[in-house]
Each structure stands twice: as structure tokens, then as C-alpha cells.
Amino acid sequence: PIEGASCVPAHGVDIPFQSIGSEEHVAQAREKLKQEEAKRPPEVAVAVEAALERNAREAALLDLRGVSDATDWFLIASGDSDTHARAIAENIIDRMREAGFRAAGVEGKASANWILLDYITLVVHIFLPRVRDYYDLERLWGDAPSLAVE
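Everything numeric in this text was worked out from a predicted model, so none of it was measured. Within any chain, residue numbers begin from 1 and follow the written order of that chain's sequence. Local features in a predicted model are, by the rule used here, given only for residues with pLDDT of at least 70; side-chain atom pairs are given and counted only at 80 or more, and totals for whole chains, interfaces and linings are based on all residues. Calculation of side-chain values draws on the structure's entire complement of heavy atoms; hydrogens and water are dropped beforehand.

Undergrad: Would you take a moment to explain the pairing of strand E7 (residues 122–127) for this structure?
TA: Only protein chains enter the accessibility calculation, which uses a 1.4 Å probe. A residue is then buried if its area is under 20% of the maximum for its type, exposed if over 50%, and partly exposed in between. The secondary structure listing takes helices from DSSP runs of H or I that are at least 4 residues long and strands from runs of E that are at least 2 residues long, numbered from the N terminus. Within E7, six of the six residues are buried, which leaves the element mostly enclosed by the surrounding structure. The alternating pattern of E7 places Leu122, Val124 and Ile126 on one face and Val123, His125 and Phe127 on the opposite face, and all of these are buried. A pair of strands counts as paired when DSSP detects no fewer than two bridges linking them. Of the strand pairs in this sheet, strand E4 (residues 73–78) and E7 are connected by six bridges, and their pairing is parallel. Across the sheet, Leu75 pairs through a bridge with Val124, a residue of E7. Bridging between strand E6 (residues 114–118) and E7 involves five bridges; their strand directions are antiparallel. If you follow Leu117 over to E7, its bridge partner there is Val124. In this structure, the hairpin formed by E6 and E7 is closed by a connection of three residues, where Ile120 is found at a positive phi of approximately 70 degrees.

Printed below as a string of C-alpha cells:
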């Protein structure tokens, strides 16, 4: 380890490198994540929470602001089966409606291979794993910062 270098974990938060496992390092990481989460709009926070409530797999949040004019955020997640993917989508739709957000469009719920929920500033993609691997949106939108989803 080089003193003064930085460490970028999988969730994309840049934290100055110190000694791994130190209490100070862990505290810094937690504080960075809290700051990052506080910057998210309410509709993003509701959708992320709703997806995780239904055990969405490999959830990823892409910040497309400054990268795309089409939307500001992508929430990408996987379901283990078509039933699981539909359950994730339905929970997001229900929780968003309760919070006052209505989808402008919903596509793919019948087949559940790729369900798309369009909230204008947020687009939610729920895939079956093989379909997610095929389209690989995280790679396609690789210029967008990927934020922690916990």
C-alpha cells in the first residue's frame, strides 16, 4: 500500500487509502456512503428500497446526469425467475405510487425477461440474469458513475 493513494471499492466511492480494516477507514467509508445516499432524489431512494425489500439481486444504480439527456438515473436489478422479477416490479410500482410517483410507462411484465419501469427521471430495469448478461447495460453505460445500493 502506498500512503496517500486512494481506494475505489466496487460501489465506486473514492476513499483515501489508509490501512485496510482500520476503524478510521471504515468510518470514512460509511460517511461517504451516507453523503452519497443523501444526494439521491426521493424517487430513487424509494425505488431502491422497494427493490431490496423483494430481494432484488445485484442491484446497481447508475447516475446518468451529465451522461444522458433521456433520464437521470438507471436502477438495474435481477430476479431469480419471472415470478421474482414481477414481484420486484410490483413492489416498486406500489411503493412509488404510495410515495406519490406514477410510472409514465411499464413494459415487459407479461414475459418478465426484462421489465422496464419509466419514471422519467428514473428508469428501472429488472432482468432475468441471462438477459441482463446479454444486454449488459452497466458496460453500455460505463461512463456513468455506479453508486452503492444497500
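Alright, that's what it looks like, and here's the rest.
Undergrad: What is the right way to look at the packing of aromatic side chains in this model?
TA: Think of a pair of aromatic rings as described by two things: how far the centres are apart, and how the planes are tilted against each other in angle. Side-chain rings of Phe, Tyr and Trp (the six-membered ring for Trp) are treated as a pair once their centres are within 6.5 Å; stacked means planes under 30 degrees apart, edge-to-face means over 60, and tilted covers the remaining angles. Counted under the stated rule, the structure contains four aromatic pairs. Taking the centre distance of 5.5 Å and the plane angle of 80 degrees together, the rings of Phe74 and Trp141 count as edge-to-face. Pair noted here: Phe74 is in strand E4 and Trp141 is in the loop between helix H5 (137–140) and strand E8 (146–147), with a separation of 67 residues, a long-range link. Overall, Phe74 belongs to the buried group, its relative accessible area being 8%. For the ring pair Tyr134 and Tyr135, a centre distance of 4.9 Å and an interplane angle of 85 degrees mean the geometry is edge-to-face. Each residue in the set Trp114, Phe127, Tyr134 and Tyr135 is aromatic and connected to the rest through ring pairs, giving one cluster.

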